[in-house]
Amino acid sequence: MGDASATANEPSFDGYDYDLITIGAGSGGVRASRTSAGLGAKVAICELPYHPISSETIGGVGGTCVIRGCVPKKILVFGSGFGADFEDSKNFGWDIKGEVRFDWKKLIENKTKEISRLNGIYKRMLAGSGVRLFEGEGKILDPHTVEVHELDGQVKRYRSKHILIATGSRAVHLNIPGKELAITSDEGLSLDEFPKRSVIVGGGYIAVEFAGIYNGMGGQVDLFLRKETPLRGFDEEMRAVVAKNLENRGVRLHPSTNLTRIEKGADGLHVFTDKGEEIVTDVVLFAVGRKPNTKRLSLQAVGVELDNQGAVKVNEYSQTNVPSIWAVGDVTNRINLTPVALMEGTCFSKTVFGGQPTKPDYTNVPCAVFCQPPLSVVGLTEQQAVDQAEDDVVIFTSTFTPMKNTISGRQEKTVMKLIVDSKSDKVLGAAMCGPDAPEIMQGIAVALKCGATKAQFDATVGIHPTAAEEFVTMRTSTRTVPASGRINKIKE
Ligand code: NDP
């Protein structure tokens, strides 16, 4: 445990330079460093220099979420939403005269200004917490030594009682001919010109979010899925809703289709598929997953074990097989979401410097996909519930036209779902695809964390008129599904 009396200005205990050196100043690394310093540890953090587009030698304080992930993505999602809003406003009496123009450069300029501001705020937060920032590349030489290659070319070595790896992940490229002509989400958030035509490959969060962004800004989007539907791992019913909404809003879906090569032509990039198609486009964006950033840390030399994806293997307390080395966030490839990295960072500090060994709790982690309209979920999918429960699973669904659409005429339904255990009456999962779904689901997540029953949902008074009130007024079940847990038990 750390010496609670040590502060950032005093030498650490046991002759170490620091109690903690964190490598990577993204969500998890910054949170762990600040909370550890708050518990009295002497802390330094090492991060690569800032730029909106990452590489092996470019990063930035704030990490993926702030610089080239959640924050800039949400700004672009806001930006792309106005197109539909202008259309929807007509039946509400608005008469927009003249040409409605969208200025991509202006939005990107303002987005970049905002993330630079946040980068500065994060640096000041670190300094304010007494955490020393080394700007440069960190490498682990032994279980207690970090070598920092600073921006000015200096190389320094520091001894630390504990080392925390929080280096995140980076987008991967498909290995096809012409792959160097494609971009990833990093560049997609910072393009000089708006892509009037884009080909997006992948069916995860990033693919469907970018499809919504470029489409909402008036671009033609072709989305290539190697499976039938996007968003593997989400509730099947909700996946189908997202696919339908994408198509209704004008995204061209290409299910079960793979790219075979990309070539450069005079009129743009030519994309070829395994179905014999050829599409001409301005941009090809790969959104086919991310890989943990572990390559340049020299972890193998120290003996830190990695899994077959290159992620750092950790125990329930985020400790690696080398006891003084820990890891949090996407580099561990557990649940790759900023709030989860924050939770892991806080638990790490409590465990190592707070005298309170604390495991992150991965139950009922809510999340949102910022497609348009957004999808948000918490708890189990219907299939997971059926696989895990021992009693019947009762499904409540509600599909309705949101009030705004009754006037705007937009042909798009909101879909909500509750998954309930028939024996305990506990709500096992909730999902919504519709306007404001993530804002609504955060409250539902609190209810699930408290173990709320369907009867308690029903006893809750609604807020009228909202879509959210539907979650407390779903009285009639849609279907009851026998749990395979029980069926398997009967078979035994
Ligand atoms: P995901 O892991 O979500 O999805 C990867 C997608 O790529 C899957 O649809 C997968 O298809 C597809 N894919 C993989 N290999 C190929 C291939 N060879 N050809 C075609 N398609 C392929 O990754 P993302 O890159 O979208 O996101 C990375 C992480 O970032 C996510 O895990 C998420 O946690 C996080 N994130 C969270 C966001 C949020 O909270 N809103 C937003 C953005 C990212 P298949 O299903 O067939 O395997």
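Everything quoted here is computed from the prediction, not taken from an experiment.

**Q** Describe the sheet that holds strand β11 (residues 268-273), with residues and values.
**A** If you walk across this open sheet you meet the three strands as β10-β11-β12, and the pairing is antiparallel. Both edges of this open sheet fall to β10 (259-265) and β12 (278-281), since each of them pairs with a single strand only. Mean inter-strand twist for the sheet, computed between neighbouring axes without regard to direction, equals 25°. Note: β10 against β11, six bridges, orientation antiparallel. Each residue of the ladder has a partner; that of isoleucine 262, found in β11, is valine 271.

**Q** So what's going on with empty space enclosed by the protein? Which residues, and what values?
**A** Taken as a whole and judged by the stated rule, the model has two cavities of 30 Å³ or more. In this structure, the largest cavity encloses a volume near 50 Å³. Every residue lining the largest cavity is listed: Ala211, Gly212, Asn215, Asn245, Leu246, Arg249, Val251 and Gln372. Contributing elements (two or more residues each) for the lining of the largest cavity: α6 (205-216) and α7 (236-248). Element by element, the count of residues in the lining of the largest cavity is highest for α6, at three residues.

**Q** I'd like to hear about the site of the ligand, residue by residue, with values.
**A** Neighbouring the ligand are 19 residues, the closest being Gly203, Arg226, Arg232, Asn336 and Ala368. At 3.3 Å, a backbone N or O of tyrosine 205 approaches an oxygen atom of the ligand. The side chain of arginine 226 places a nitrogen or oxygen atom 2.7 Å from an oxygen atom of the ligand. Taken by itself the ligand offers 910 Å² of open surface, and the protein chains cover 79% of this. For the shell around the ligand, the residue count by class is eight nonpolar, five polar and six charged.

**Q** Got a sec to walk through the sheet that holds strand β8 (residues 220-224)? Specific residues and values, please.
**A** Spatially, the four strands line up as an open sheet ordered β9-β8-β7-β13, and their pairing is parallel. Lying at the two open borders of the sheet, with one neighbouring strand each, are β9 (252-254) and β13 (283-286). Taken pair by pair, the neighbouring strands of this sheet meet at an average axis angle of 20°, ignoring direction.

**Q** Can you lay out the side chain of lysine 417 for me, pointing to particular residues and giving the numbers?
**A** Looking at the secondary structure, you find lysine 417 in strand β19 (residues 414-421). On the accessibility criterion, lysine 417 (1% relative accessible area) is buried. A polar side-chain atom of lysine 417 sits 2.5 Å from a polar atom in the side chain of glutamate 237.

**Q** Residues and numbers for the pairing of strand β3 (residues 132-142), please.
**A** Side-chain positions along a regular strand alternate between the two faces of the sheet. Sheet topology note: the strand β2 (residues 43-47)/β3 ladder contains four bridges and is parallel. Note on β3: the bridge partner recorded for glutamate 47 is glutamate 135. In this sheet, strand β4 (residues 145-150) lies alongside β3 in antiparallel orientation, the contact comprising six bridges. By the bridge assignment for β4, isoleucine 140 is matched with valine 146.

**Q** Give a description of unusual backbone geometry that names residues and reports values.
**A** The omega torsion of the bond from glutamine 372 to proline 373 falls at -5°, within 30 degrees of zero and hence cis. With an omega of -5°, the peptide bond running from histidine 464 to proline 465 counts as cis. Inspection of the secondary structure puts proline 465 in the loop between α13 (454-459) and β21 (479-481). The residue serine 318 is not glycine, and still its phi comes out positive at about 70°.

**Q** Describe the packing of aromatic side chains, with residues and values.
**A** Aromatic ring pairs are described here by two measures, namely the spacing of the ring centres and the angle between the planes. One pass over the structure, following the stated rule, counts 12 aromatic pairs. With a centroid separation of 6.1 Å and an interplanar angle of 85°, the aromatic rings of tyrosine 18 and phenylalanine 134 are classed as edge-to-face. With tyrosine 18 in strand β1 (residues 18-23) and phenylalanine 134 in strand β3, this residue pair connects regions lying 116 residues apart in the sequence. Residue classification places tyrosine 18 among the buried positions, given a relative accessible area of 6%. Relative to tyrosine 214, the ring of phenylalanine 210 has its centre 5.7 Å away and its plane inclined at 65°; by these criteria the two rings are edge-to-face. Taken as a pair, phenylalanine 210 and tyrosine 214 lie in helix α6 at a separation of four residues, close to a single helical turn. For the residue pair phenylalanine 210 and tyrosine 214, the accessibility class agrees, reading buried in each case. In this structure an aromatic cluster arises from ring pairing among Phe102, Trp104, Phe194, Phe210 and Tyr214. A cation sits over an aromatic face here: arginine 261 above phenylalanine 272, 3.8 Å from the ring centre.

**Q** Kindly report on the environment of arginine 34, identifying the contributing residues and their values.
**A** Mapping arginine 34 onto the fold places it in helix α1 (residues 27-38). As a C-alpha pair, arginine 34 and glycine 128 span 94 residues in sequence and 9.0 Å in three-dimensional space. Beyond its immediate chain neighbours, meaning those up to four positions away, arginine 34 contacts Met125, Leu126, Ser129 and Val131.

**Q** Requested: an account of the layout of surface pockets, with residues and values cited.
**A** The volume enclosed by the second largest pocket comes to roughly 870 Å³. Counting residues per element, the ones that place at least two in the lining of the second largest pocket are α3 (70-89), α11 (403-408) and α12 (437-449).

**Q** Can you lay out the pattern of salt bridges for me, pointing to particular residues and giving the numbers?
**A** Counted by the stated rule, this structure contains 31 salt bridges. Across the pair arginine 410 and glutamate 87 runs a salt bridge whose closest N-O atoms are separated by 3.6 Å. Of this pair, arginine 410 sits in the loop between α11 and β19 while glutamate 87 sits in helix α3, and the two are 323 residues apart along the sequence. Taking relative accessible area as the criterion, arginine 410 reaches 16% and is therefore assigned buried. Shared partners join several salt bridges into a network, and the residues in it are Glu56, Glu137, Lys139, Lys295 and Arg296.

Calculation criteria
- Residues numbered from 1 in each chain as written.
- Predicted model: local features only at pLDDT ≥ 70, side-chain atom pairs only at ≥ 80, totals over all residues.
- Heavy atoms only, no water.
- Pairing = 2+ DSSP bridges.
- Helix = DSSP H or I, 4+ residues; strand = E, 2+ residues; numbered from the N terminus.
- Axes fitted to C-alpha atoms, helices over the stretch in contact; angles between N-to-C directions.
- 1 Å grid on protein atoms, 1.4 Å probe; cavity = no way out; pocket = protein on both sides within 12 Å on 5 of 7 lines; lining within 4 Å.
- Points joined across faces, edges and corners; volume = space filled by probe spheres on them.
- Near = heavy atom within 4 Å.
- Polar contact = N/O pair within 3.5 Å; in protein donor to acceptor, adjacent residues only side chain to side chain.
- Areas by Shrake-Rupley, 256 points an atom, 1.4 Å probe, with all protein chains shown as cover.
- Nonpolar A, V, L, I, M, F, W, Y, C, P; charged D, E, K, R; others polar.
- Buried < 20%, exposed > 50% of the residue type's maximum accessible area, 1.4 Å probe, protein only.
- Phe/Tyr/Trp six-rings, centres within 6.5 Å; stacked < 30°, edge-to-face > 60°.
- Lys NZ or Arg CZ within 6 Å of the ring centre and 35° of its normal.
- Contact = heavy atoms within 4.5 Å.
- Salt bridge = Lys/Arg side-chain N within 4 Å of Asp/Glu carboxyl O.

Functional significance is not addressed by these values, which are geometric in nature.
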